[in-house]
Amino acid sequence: MLFKKFDYYIMRPPNRVRLMCLDVIKQVDGKELVEDRSDTEIIQSKISETNWNGEEPDNHSTVVMKHFFYQELLPFYAKHLEKRHRKDFEVIKVWYQIYKARSGSYHNWHNHIPGSNISNIWYLKLPNGCGTEFKVNGKTIKPRVREGDLLVFPSDVIHRSPENYSDEDKVIVSYNTIWSQ
């Protein structure tokens, strides 16, 4: 068991990696964005743009994001997870989402099971009031995250991204992790 009860923690990747990732997204933004419309959470939400594409990892934007992720972010992530848990994990999905400014875009309540143990949200751009919210035992919990933070939490926890009516885009990279037993 990774968490004995509901818990989350926040990592802080280097800012240069965050800025590099924003550049990668600019390169692929609007090109070959693919959404898996069979994904109920995506259908019930209003996300401005996403490359969440189910099991089709071959479109250009996903390939570019995964290459960046494995070269730049994963070494940092693995080093920090080793301190808290253990080394034997596999990243099973990587995607990004853009919630456009003043659009009211949001991601409805959902979780990331079955299929993963840990979910992760990296806030590349984060306007005030647009952080992830958790629903635990009937209560809404709002972690105090800021731009650049990487939020790590159990995949079975119900969470959402609230509506973005701010004057800035919200940009996240998210991924799921599965742990070997």
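Within each chain, residue numbers correspond to sequence positions counted from 1 in written order. For a predicted model such as this one, the threshold for reporting local features is a pLDDT of at least 70, and the threshold for listing and counting side-chain atom pairs is 80 or more; totals across whole chains, interfaces and linings nevertheless cover every residue. By convention in this description, side-chain values take in all heavy atoms of the structure and omit both hydrogens and water.

Q: Can you tell me about the overall build of the protein, naming the residues and giving the values?
A: The helix and strand labels rest on DSSP assignments: H or I over at least four residues marks a helix, E over at least two residues marks a strand, and numbering proceeds from the N terminus. Regarding its fold elements, the protein presents three helices and 10 strands. Secondary structure elements of the protein, listed N to C terminal, follow the sequence β-α-α-β-α-β-β-β-β-β-β-β-β. For every residue, the accessible area (1.4 Å probe, protein chains only) is compared with the maximum for its type, and the residue is labelled buried under 20%, exposed over 50%, or partly exposed between those bounds. Residue burial in the protein is summarised as follows: out of 181 residues, 49% are buried. Exposure was quantified through the Shrake-Rupley algorithm and a 1.4 Å probe, taking into account, for residues, occlusion by the shown protein chains and nothing else. For the protein, the accessible area works out to roughly 9400 Å², and carbon and sulfur atoms hold 47% of it.

Q: Describe the pairing of strand E10 (residues 170–179), with residues and values.
A: A large share of E10 lies buried, amounting to nine of its 10 residues. Of the pairings in the sheet, the one linking strand E3 (residues 89–99) to E10 comprises 10 bridges and is antiparallel in character. Looking at the pairing, Glu90 lines up with Ile178 of E10. Two strands qualify as a pair provided DSSP detects at least 2 bridges between them. The pairing of strand E5 (residues 118–125) with E10 spans seven bridges and is classified as antiparallel. In the strand pairing of E10, Ile118 is matched with Thr177.

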